[in-house]
Amino acid sequence: MTPIMTIQERIAQLVTEATQIAQQMGDLPADPRALPEPDIHRPSNPDLGDFATALPLKLANQMKMPPMEIAKILAAYVRNTDLLDRLVGAEFLKNIEPAHPGFVNFWLKDSWLAAQVESIRKDGPTYFDSTLGEGQRVQVEFVSINPTGPLHVAHARGGVIGSSLANILKAVGYEVEQEYYFNDAGNQIENFQRSLHARYLQLFDRDAQVPEDGYHGEYMVELAREVRGEIGDSILYLSVEDAISELGRAGQAKILEAIKKDVKLLRINFDKWFSEASLFQDGQYDSAMQLLEDKGFVAERDGAVWFASTKLGEDQDKVLVRGSGVPTYFATDVAYHYDKFVKRNFDRVINVLGADHQGHVALMKPVVQAMGIAPAKLTLIVHQMVTLKRGGDVVKISKRSGDIVTLRELVEEVGVDACRFFFLSRSPDSQMEFDIDLAKKQSAENPVYYVQYAHARIAGILRLATERGIDYEDGDLSLLGHEAELALIRKMLLLPELMVQMATALEPHHLPHYAVELATAYHWFYEKCRVVSSLPEDDELSKARLKLVDAARIALARCLDLMSMDAPDEM
RNA sequence: GUCCCUGUAGCUCAGUGGAUAGAGCGGCUGCCUUCUAAGCAGCGGGUCACAGGUUCGAAUCCUGUCAGGGACGCCA
């Protein structure tokens, strides 16, 4: 576990205190205004240090001094040994230098860097974790499509984002529940049932048409066949309404079963499958409506029941219960959020949805607010659509037209690791173009294998060490000092920061990019530094490097694990 | 009409206030008698859509324009 106070925070504190002391000593002008945050960042160019602050540039104006002058004075004060000893023990800083046009740059000590290898090995995968979440209960809801057909590629995107985010949140100390919400009531379900009924009748050469706005996909024919295989022709002798609901139940159970299998294929594990119908059976629907009414957000008008979202500044009210007395999908969603926040009392709720559901954002925030819940507790991550291409042509994705590429087909063609990596590596905000042919073609030489190959190379070295009976537990890490060794360690030490950043911003898409960088650092080290040497005089260095390799294994495996990808020992 | 997302290398995309804008793929050139060449090193490739503005500093923030995708129902 990474220390509560990160190195950045310690350097930030150091800079702030040094500035104050410089002011007290009269070397920098005193100013009653509060000092700006030092904002410790990592320079893009590694030659400029491990950390840097642009504080002098920010102070130049109010101090009426050239920024470079401030930088020089600040660097001198920060370098002051007494201050270093008192504030941070000076155990990790090597150099502190002013730099044009007004930065102060910080370099970490090689010996401190090398020593971190032992910490990583001692802690194992949890080295990269933190306590950011403080045990708060977070629910991540994702995929959640109606069980009216198989999952297709676009759903894979939401699935990968949601499950990876859940992994990351767990790692930084949240208690996470992953949930799939499915509709087992409502118009679309009825539509599905009628479509299935028509397909079933067609199997018996009866005259039946799939409704125009029904589900026309081939899979419905297959589904009808499966259901017939189980319950035979008994449905034919029921009344139409009974037949439809009987078939519907059987068909829907099958679809849901298939979805559960598909989701497993993508290595997604939901803790709970939440049924819409249960909201009515268990009373959440009534309680939610009552709560909204108690808060004064329910109005009756034109024979319908409305949610008065205009009271909260929205453009228009929304219908909760139709004139027919049937609740809208929106109303059940209100009940569902009541269940999440009031009944189950989650500290935070995150919902990953596709761009076609973006209207949801403007609806649910006011709803939770109306229920007296801080809207900030609800976060909706909207990911843009996935465009499928095959051989340069756009493939239409529509369940109803039936021209779809299923998640299963995709995983079977491209592989689950590549799927997860590829879907995760794009920001949810960007539209994705997924060229299936290209994905397959590139699968032999793509970043997925690049990262996994690094792990396999590590495993190969550790295997060799074991075969040769090398015990490297007493390896002396102070022997590490090669630039490739230090670069690898630096890269590993970035992971804890990255995890906090990803968890805070809810942006898991940085992880695959980092994994590539880590793999690059390892491949470079591998190229530059022989680990298991046949020369006796290299024994000690070999042992130290084996420790480093072992730490790299832990870091790389942690990355892959957070992405729910395999970390192969050989390829 | 209103709202949301996007526009960065030939292609697919990272980079959301700092220093010389990056990766993968594709193209070109080198490197395997010791731990996996699914690797490494190098070359080439950019008006960060456009125009203003804020700032010591803008791909990043604000405004506008253009272009692409999406959402706006007593559908779900």
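Everything here concerns the structure above.
Described below are features of the structure shown in this document. (Residues numbered from 1 in each chain as written. Chains lettered and ligands numbered in written order. Predicted model: local features only at pLDDT ≥ 70, side-chain atom pairs only at ≥ 80, totals over all residues. Heavy atoms only, no water.)

1. A word on the protein's contact with RNA strand B
Near RNA strand B, the surroundings consist of 66 residues, among which Arg322, Gln358, Ser427, Asp429 and Tyr453 are the closest. Of what RNA strand B places within 4 Å of the protein, 62% of the atoms are sugar or phosphate. One of the side-chain N or O atoms of Asn61 is found 2.8 Å from a phosphate oxygen in RNA strand B. Gln358 is positioned with one of its side-chain polar atoms (N or O) 2.4 Å from a base nitrogen of RNA strand B. Elements that contribute at least two residues to the surface near RNA strand B include exactly α2 (55-63), β3 (103-108), α7 (187-203), β8 (304-307), β14 (432-435), α17 (447-467) and α19 (510-528). Considering each element in turn, the surface near RNA strand B owes the most residues, nine residues, to α17. Of the residues in the surface near RNA strand B, the class split is 27 nonpolar, 26 polar and 13 charged. (Near = heavy atom within 4 Å. Polar contact = N/O pair within 3.5 Å; in protein donor to acceptor, adjacent residues only side chain to side chain. Helix = DSSP H or I, 4+ residues; strand = E, 2+ residues; numbered from the N terminus. Nonpolar A, V, L, I, M, F, W, Y, C, P; charged D, E, K, R; others polar.)

2. Some thoughts on the nonpolar core
Among the nonpolar cores identified, the biggest contains 149 residues, and Leu169 and Met492 are the most heavily contacted of them. For Leu169, the contacting residues outside a window of four places in its chain are Val138, Val140, Tyr174, Val176, Ile350, Ala503 and Leu506. Counting 33 residues, the second-largest nonpolar core is a separate cluster that includes Ala288, Phe297, Tyr338 and Ala370. (Core = buried A, V, L, I, M, F, W, Y, C linked by side-chain atoms within 4.5 Å. Buried < 20%, exposed > 50% of the residue type's maximum accessible area, 1.4 Å probe, protein only. Contact = heavy atoms within 4.5 Å.)

3. Concerning unusual backbone geometry
Residues His100 and Pro101 are joined by a peptide bond in cis, for which omega reads 0°. Tracing the backbone through its elements, the reader meets Pro101 in the loop between β2 (93-99) and β3. Of note, Asp39 is a non-glycine position whose phi angle comes to about 45°, a positive value. The topology assignment puts Asp39 in the loop between α1 (7-24) and β1 (51-53). Judged by relative accessible area, Asp39 falls into the partly exposed class, the value being 43%. Notably, Glu134 is not glycine yet its phi reads approximately 50°, a positive angle. Mapping Glu134 onto the fold places it in the loop between α5 (110-123) and β4 (137-141).

4. Thoughts on the packing of aromatic side chains
Summed over the entire model, instances satisfying the criterion amount to 17 aromatic pairs. What links up through ring pairs into an aromatic cluster is the set Phe142, Tyr180, Phe270 and Trp273. Over the ring of Trp273 we find Lys260, and its NZ or CZ is 4.9 Å from the ring centre. Positioned above the aromatic ring of Trp306, the side-chain terminus of Arg301 is 4.5 Å from the ring centre. (Phe/Tyr/Trp six-rings, centres within 6.5 Å; stacked < 30°, edge-to-face > 60°. Lys NZ or Arg CZ within 6 Å of the ring centre and 35° of its normal.)

5. Concerning the pairing of strand β11 (residues 378-383)
Burial within β11 is extensive, with six of its six residues counted as buried. Residues of β11 alternate between two faces, with Leu378, Leu380 and Val382 on one and Thr379, Ile381 and His383 on the opposite face, all of them buried. Both strand β10 (residues 348-354) and β11 contribute to a ladder of six bridges, which runs parallel. Across the sheet, residue Gly354 finds its bridge partner in β11, namely His383. Viewed along the sheet, the connection from β10 through helix α13 (residues 359-370) into β11 turns out right-handed. (Pairing = 2+ DSSP bridges. Right-handed = clockwise from strand over helix to strand, strands pointing away.)

6. Re the pattern of salt bridges
By the definition in use, this model includes 31 salt bridges. Notably, a salt bridge pairs Arg344 with Glu179, separated by 2.7 Å at the nearest N-O pair. Note that Arg344 is positioned in the loop between α12 (329-343) and β10 and Glu179 in strand β5 (residues 175-182), a separation of 165 residues in sequence. Residue classification places Arg344 among the buried residues on the basis of a relative accessible area of 17%. In this structure, Arg558 and Asp561 form a salt bridge, with 3.3 Å as the shortest nitrogen-oxygen distance. Of the two residues, Arg558 and Asp561 both sit in helix α20 (residues 539-562), three residues apart, roughly one turn of that helix. One connected set of salt bridges, linked through shared partners, spans Glu118, Arg121, Glu473, Lys547, Asp550 and Arg553. (Salt bridge = Lys/Arg side-chain N within 4 Å of Asp/Glu carboxyl O.)

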